[in-house]
Amino acid sequence: MSDNRTWRSGAVIAAALAVLANLPTNAEADRIPPRTSVIHSDQIGPRWERVEVESAAMGRPVTLDVLHGSGSGPRPTLYLLDGVDAEGVSDWLTKGHAADFFADKPVDVVFPAGATGSMYTDWEHPDATLGWNRWDTFLTSELPGAIEPYLHADGQRAIAGVSMGAQGAMMLAHRHPGLYRAVAGLSGCYSTVDGTGSAITALTVASRGGNVVKMWGPPGTFDWLTHDSTVGAEALRGTVIYLSAASGVPGATDLTEVLRSPDIVSALQSAGGGVPLEAGARFCTERFAKRLGDLGIPATVHYEPTGIHAWEDFSAQLGPAWDTLATAFGR
């Protein structure tokens, strides 16, 4: 079988599932010595800190924002992943009202930055626009061993994300069974090999100037299969799962945001793009939820009758997502 074999081969599917079954469990991951450390920090607010973590995998320092939780520690850790832009400061903080939401929550929240268009995964090759990305290794093997001792964390962790970050969070959870007690995906797509999932993954990378072939090779080949959370869903058994998506139909919140804009024409154009994106996320979420149901894996799934792919709609789902994630911490 050639290197360009496709996921449709039963032998390839069996091999991919074997690879997933042999990825490190939580106990194995805890034995991996930390290969990185916090090298710098700045206080942004009373409970908001920006830190730099040295990463051997990435070959550079990675910037993170941290919201320290309420109450006395130690506390669990939530890794909250941004959408496709994922630039210098997470949009969860600049647009998603996360600092206000978590102000009274007993959890430390870590927001990685600089993952623009990367899918939060390990790339096979450097990209001319997006650079060198080894986010899977950094987030699972390096970062917990650096940031959690720094935070005096209690060892309990969850991961969540929106859009590209939702897909990234679910991939990391299924590829590293037991590393996270809970995972939440908001308005994401969880397949990388079916027609919709493959197209959305490729478009996500291309939308920020990246070459998707540099990531996992040509679409449909082996590494695309091993990153498909629908195929690898069995590995999520025992993990607390939350999923949400809206319909793609603009609601009152979306129209109000357009009216508040100083440039209503541009705002309407932007909102119009959010309609098909959210409709696609809804389709993907329904398919993934069905897969979990077919396997008998419990999940909390929430569908909004209105809402588009926009931050006001995403932030509205943060409360319900946290309510589910918190159950994994006994909160």
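Structural data are supplied above this passage.
Conventions we followed
- Residues numbered from 1 in each chain as written.
- Predicted model: local features only at pLDDT ≥ 70, side-chain atom pairs only at ≥ 80, totals over all residues.
- Heavy atoms only, no water.
- Buried < 20%, exposed > 50% of the residue type's maximum accessible area, 1.4 Å probe, protein only.
- Helix = DSSP H or I, 4+ residues; strand = E, 2+ residues; numbered from the N terminus.
- Contact = heavy atoms within 4.5 Å.
- Polar contact = N/O pair within 3.5 Å; in protein donor to acceptor, adjacent residues only side chain to side chain.
- Pairing = 2+ DSSP bridges.
- Axes fitted to C-alpha atoms, helices over the stretch in contact; angles between N-to-C directions.
- Disulfide = S-S within 2.5 Å.
- Core = buried A, V, L, I, M, F, W, Y, C linked by side-chain atoms within 4.5 Å.
- Expected span 1.5 Å × (residues − 1).
- Right-handed = clockwise from strand over helix to strand, strands pointing away.
- Phe/Tyr/Trp six-rings, centres within 6.5 Å; stacked < 30°, edge-to-face > 60°.

Positive phi, normally seen in glycine, also occurs at H97, with a value near 60°. Since its relative accessible area comes to 39%, H97 is described here as partly exposed. With phi around 55°, S187 is a residue other than glycine that occupies positive phi space. By the element assignment, S187 lies in the loop between β7 (182-186) and α7 (195-206).

Here the focus is the environment of E278. Residue position: E278 is located in helix α11 (residues 264-295). When sequence neighbours within four positions are dropped, the list of residues in contact with E278 reads S187, A245, A246, G248, G307, I308, H309 and F314. In this structure the side chain of E278 is engaged in a polar contact, spanning 2.7 Å, whose partner is the side chain of S187.

This part covers the environment of T285. Relative to the elements of secondary structure, T285 occurs in helix α11. Setting aside residues up to four positions removed in sequence, T285 forms contacts with G188, Y190, L243, S244, A245 and Y303. Among the polar contacts listed, one links the side chain of T285 to the backbone oxygen of G188, at a separation of 3.5 Å.

Spatially, β1-β2-β3-β5-β4-β6-β7-β8-β9 is the arrangement adopted by the nine strands of the open sheet, whose pairing is mixed. The sheet is open, and its two edges are formed by β1 (37-43) and β9 (300-303), each paired on a single side. Taking each pair of neighbouring strands and ignoring which way they run, the sheet shows an average axis angle of 20°. Sheet analysis places strand β6 (residues 157-162) next to β7, joined by five bridges and oriented parallel. What sits directly across from G161, in β7, is G185. Seen against the sheet, helix α6 (residues 164-175) touches β4 (77-81), β6, β7 and β8 (240-245) and runs at an angle of roughly 150° to β6.

Within the structure shown, the criterion is met by one disulfide. C189 shares a disulfide with C284; S-S distance 2.0 Å. Taking the sign of the torsion about the S-S bond as the criterion, the disulfide between C189 and C284, at about -60°, is left-handed. With C189 in the loop between β7 and α7 and C284 in helix α11, this residue pair connects regions lying 95 residues apart in the sequence. Accessibility classification places C189 together with C284 in one group, the buried group.

Take the nonpolar core next. Buried together is how nonpolar side chains tend to be arranged in soluble globular proteins. In terms of nonpolar packing, the biggest core is built from 50 residues, with L64, F138, L143 and I147 touching the most fellow members. A158, A182, A184 and L318 belong to the second-largest nonpolar core, a separate cluster that totals 26 residues.

For α6, with twelve residues, the first-to-last C-alpha span of 16 Å sits near the 16 Å given by 1.5 Å per residue. Counting buried residues in α6 gives twelve out of twelve residues, a clear majority hidden from the surface. Inspection of α6 places M164, G165, A166, Q167, G168, A169, M170, M171, L172, A173, H174 and R175 among the buried residues, and these make up the whole buried set.

Attention shifts here to the pairing of β6. Burial runs high along β6: six of the six residues are buried. The alternating pattern of β6 places R157, I159 and G161 on one face and A158, A160 and V162 on the opposite face, and all of these are buried. Sheet topology places β4 next to β6; five bridges connect them, and they run parallel. Opposite L80, over in β6, you have A160 as the bridge partner. Note that the unit made of β6, α6 and β7 has a crossover that is right-handed.

Once that is clear, we can look at the side chain of T226. Structurally, T226 can be placed in helix α9 (residues 222-226). One polar contact links T226 to H227, side chain to side chain, over a distance of 3.5 Å.

Moving on to the packing of aromatic side chains. Two descriptors summarise a pair of aromatic rings, namely the distance from one centre to the other and the angle between the planes of the rings. For the structure on display, the rule yields nine aromatic pairs. Relative to F314, the ring of W311 has its centre 5.3 Å away and its plane inclined at 80°; by these criteria the two rings are edge-to-face. Of this pair, W311 and F314 are both found in helix α12 (residues 311-316), three residues apart, which corresponds to roughly one turn of the helix. Among the residues examined, F314 registers a relative accessible area of 6% and is labelled buried.

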